[in-house]
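Fold and geometry: a report
In case you want the letters, here they are:
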Amino acid sequence: MILTVTPNPSLDRTYEVPSLDRGEVIRATGERMDPGGKGVNVSRAVAAAGQRTVAVLPLGGAPGALVADLLHQQGIEVAPVPVAGATRSNIALAEADGVLTKINAPGPHLTDAERELLLETVRQQSRDASWIACCGSLPRGLAPDWYADLVARTHAAGARIALDTSGPALLAALRERPDVVKPNAEELSEAVGRPLATVADAVKAAEELREMGARAVLASLGADGQLLVSDQGAWFGSARVDAVRSNVGAGDSSLAGFLIAGGSGPEALASAVAHGAAAVRLPGSVMPTPADLDPAAVTVTADLPVDRALTEPVS
């Protein structure tokens, strides 16, 4: 079982519109409603792969009830933490030419009691977990070191933890030595405080995160592929993708694939790449099933292409 923790979940409403014209009445041509948040997406990807997952998340108000209902419909067990504030509702406007405009709400302010209840719920639910995946931004009321506290408590209980966050929350958590951290190129650049232009730059940055405490770094480099650096070695993985329909949730699908395959070594990296590549071929935030995967399109090598320039360098 993979346990996910999403401190700041959301109810995501997507409206399809011909074009976005400020000040005008715009009639949507389609709409959908999804449970949102990076940890939620990891659970959705794990469930789509036919594996058991439990999602721990603070939920409040009518939006929170809808999030729980939508997750149950997808076969995901929910361990809700009741909070007084309403779960945030995010809006995405998808134009016909592919441009996506998102409006993300800040979410509720968690009290001290709600913060402790969230930690205690994770402890209670983690007994049967092979991995705990903690993902996303922190809501108001949780200090940047909240993830660090969670990592410390997780290790004290003998469990493994994967962390997908950024900024001060990531840097604070590194001192507690999370088993895996999963930055994208921009987050990796931010963590080391300098731009990344090549695969070599990304490898060096990943090694620095390990020096700061991360036991392994699974870095998403966008269309260029993924990089895994750990005490076992370093590997680079990529996949052939003929057409990209949506990259929403692709990184979360990759993390799910990595953990499903054991969470270490080249085989887990290959699974991460396969899941990420499958996700970008699907519409919206749809998560891939095993039938969507194309393992033959994946290449993983220990011969790192260090001189390769990143397609989307971070400046």
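Predicted model only: the values in this text are computed from it and were never measured.

Along the protein chain, the regular secondary structure elements total 9 helices and 16 strands. By its C-alpha atoms, the protein chain is 50 × 50 × 40 Å across when sized along the principal axes. In the protein chain, buried positions account for 52% of the 315 residues. The distance from the centre of the 26 positive side-chain charges to the centre of the 37 negative ones in the protein chain is 3 Å.

Taken together, the 4 strands give an open sheet; going across it, the order is 3-2-6-7, and neighbouring strands pair in mixed fashion. In this open sheet, the two strands that pair with only one neighbour each are strand 3 (30-36) and strand 7 (100-103). The sheet shows a mean angle of 20° between the axes of neighbouring strands, direction not considered. Alignment of strand 2 (residues 10-17) against strand 6 (residues 88-95), held across 8 bridges, turns out to be parallel.

Now for the UniProt feature "domain: Carbohydrate kinase PfkB" (unreviewed entry) in the protein chain. Under the local residue numbering, the UniProt record ascribes the feature "domain: Carbohydrate kinase PfkB" (unreviewed entry) to residues 16-290. As a span, residues 16-290 carries 39% helix and 24% strand, and end to end its C-alpha atoms are 28 Å apart.

This part takes up the environment of A239. By the secondary structure assignment, A239 is in strand 14 (residues 233-239). In this structure A239 comes out as partly exposed when scored by relative accessible area, which is 27%. With residues near it in sequence (within four places) discarded, A239 still touches V273, A277, A297 and V298.

Here we take up helix 9 (residues 265-280). Note that an α-helix has 3.6 residues per turn; residues three or four places apart therefore point the same way. Helix length check: helix 9 (16 residues) gives 23 Å between terminal C-alpha atoms against 22 Å at 1.5 Å per residue, within 8%. Of all the 16 residues making up helix 9, 13 are buried; the element is thus mostly covered by neighbouring parts of the structure.

Glancing now at unusual backbone geometry. Notably, R177 is not glycine yet its phi reads approximately 60°, a positive angle. Assignment of secondary structure puts R177 in the loop between helix 5 (167-174) and strand 10 (180-181). A relative accessible area of 42% means that R177 is categorised as partly exposed.

Soluble globular proteins tend to pack their nonpolar side chains together in the buried interior. Residues I132, W146, Y147, L150 and L227 are the most contacted members of the largest nonpolar core, which totals 52 residues. Looking at this core element by element, the count peaks at 6 residues for helix 7 (residues 199-212). Core analysis: the second largest hydrophobic core is formed by 24 residues, A45, A133, L228 and F258 among them.

Moving on, we come to the packing of helix 1 (residues 38-48) against helix 8 (residues 250-260). Between helix 1 and helix 8, the least distance of the axes is 8 Å, while the angle of their chain directions is 55°. Taken as axis vectors, helix 1 and helix 8 run oblique relative to one another. In this structure, helix 1 meets helix 8 at a crossing whose hand is right-handed. Along its contact with helix 1, which presents K38, N41, V42, A45 and V46, the element helix 8 presents D252, S253, L255, A256 and I260.

What follows is about the packing of helix 6 (residues 185-192) against helix 7. Packing of helix 6 against helix 7 brings their axes to within 10 Å, and their N-to-C directions diverge by 60°. It follows from the interaxial angle that helix 6 and helix 7 lie oblique. Relative to helix 7, helix 6 is oriented so that their crossing is left-handed. Each of L188, A191 and V192 in helix 6 lies in contact with helix 7, whose residues at this interface are A202, A205, A206, E208, L209 and M212. When grouped by side-chain class, the residues that make up the contact of helix 6 with helix 7 number 8 nonpolar, no polar and 1 charged.

Taking 1.5 Å as the rise per residue, helix 7 with 14 residues should run 20 Å; its terminal C-alpha atoms sit 20 Å apart, in good agreement. Among the residues making up helix 7, those that are buried are V199, A202, V203, A205, A206, E208 and L209. Just beyond helix 7, the residue with positive phi is G213, at close to 140°.

Scoring rules and cut-offs
Residues numbered from 1 in each chain as written. Predicted model: local features only at pLDDT ≥ 70, side-chain atom pairs only at ≥ 80, totals over all residues. Heavy atoms only, no water. Helix = DSSP H or I, 4+ residues; strand = E, 2+ residues; numbered from the N terminus. Buried < 20%, exposed > 50% of the residue type's maximum accessible area, 1.4 Å probe, protein only. Lys, Arg positive; Asp, Glu negative; His and termini not counted. Charge placed at Lys NZ, Arg CZ, Asp CG, Glu CD. Pairing = 2+ DSSP bridges. Axes fitted to C-alpha atoms, helices over the stretch in contact; angles between N-to-C directions. UniProt positions renumbered as here; feature names shortened; annotations may be inferred. Contact = heavy atoms within 4.5 Å. Expected span 1.5 Å × (residues − 1). Core = buried A, V, L, I, M, F, W, Y, C linked by side-chain atoms within 4.5 Å. Parallel < 35°, antiparallel > 145°, perpendicular 65-115°, else oblique. Left-handed = near helix turned anticlockwise from the far one by under 90°. Nonpolar A, V, L, I, M, F, W, Y, C, P; charged D, E, K, R; others polar.

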